[in-house]
Amino acid sequence: ADTIDVRYLGTGRGSSVRITHAGGAQNVFAGQLRHTLTNGTGLGATLHGTWVTFCTDLNQRVSSTTRTFDVVSVAQLPNWGAMGVARANAIRDMYAFANGSQLLSTASNNLAAAFQLAVWEVVTDFNPSVGVASLSLASGGFRATKTDGSAFSSTLMNHVNSLFGSIGAAPAGGGNVNILGLRSGTTQDQIVPIPAPGAFALTSLGCICLAGR
């Protein structure tokens, strides 16, 4: 199997939100995550460095201790229940649409949070037979609000709705984007874009994590 050693470094742009998933509610951080990747084998050998990631896994946490992950297709994430090809393709469309803007250290907190929220919603609720109409942060298996329970700002929701709208549509300047999954049985699963454009691999960039307040 292709593998890579992964160590969580910290968060970047984003904000704390309140999510409801699997019957429970909690305050978590939605935004950019930074991970150091080393000692890769196979596909993992192309991923060495500090990377921006977004997570697919609402059941586990990141770890500042180095752990060995499998390098797999995004369709095989998360570890506890593979999302499948259709949901992975929907996430790829959102990566293409955002075109790296969600990964920059200069990204707005609203954009970074919106991208992670959109990923979580797709992983949990996207129904390819229904399409974009199956996606909503207000209903379904995944729901999210501000930490006080109030609605998100129109700015953040505009980002979320634009990302949802990109699914199945021609990317707006995004070009072809390849993404890989980092999968662990004990630590939060992550998505990395490949190959690494300069903007994706700078140590100043961050990515989204799920971490209790």
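Refer to the structure above for everything that follows.
Residues numbered from 1 in each chain as written. Predicted model: local features only at pLDDT ≥ 70, side-chain atom pairs only at ≥ 80, totals over all residues. Heavy atoms only, no water.

### Looking at the packing of helix α2 (residues 109-125) against helix α3 (residues 154-165)
Helix-helix packing: each pair is described by the crossing angle between the helix axes and the interaxial distance.
Consideration 1: Where α2 meets α3, the closest approach of the two axes is 9 Å, and the angle between their N-to-C directions is 45°. The angle between the axes of α2 and α3 places the two elements in the oblique class. As for how α2 packs across α3, the hand of that crossing is right-handed. Counting all contacts with α2, which are made through Asn 110, Leu 111, Ala 113, Ala 114, Phe 115, Leu 117, Ala 118 and Glu 121, the residues of α3 involved are Thr 155, Leu 156, His 159, Val 160, Leu 163 and Phe 164. (Axes fitted to C-alpha atoms, helices over the stretch in contact; angles between N-to-C directions. Helix = DSSP H or I, 4+ residues; strand = E, 2+ residues; numbered from the N terminus. Parallel < 35°, antiparallel > 145°, perpendicular 65-115°, else oblique. Left-handed = near helix turned anticlockwise from the far one by under 90°. Contact = heavy atoms within 4.5 Å.)

### Section: the pattern of salt bridges
Consideration 1: This structure, assessed with the given rule, holds one salt bridge.
Consideration 2: A salt bridge links Asp 70 to Arg 183, with the shortest nitrogen-to-oxygen separation between them at 3.8 Å. Of this pair, Asp 70 sits in strand β4 (residues 67-72) while Arg 183 sits in strand β6 (residues 178-183), and the two are 113 residues apart along the sequence.
Consideration 3: Note on Arg 183: relative accessible area 21%, which makes it partly exposed. (Salt bridge = Lys/Arg side-chain N within 4 Å of Asp/Glu carboxyl O. Buried < 20%, exposed > 50% of the residue type's maximum accessible area, 1.4 Å probe, protein only.)

Honestly, it's all geometry; don't read function into it.
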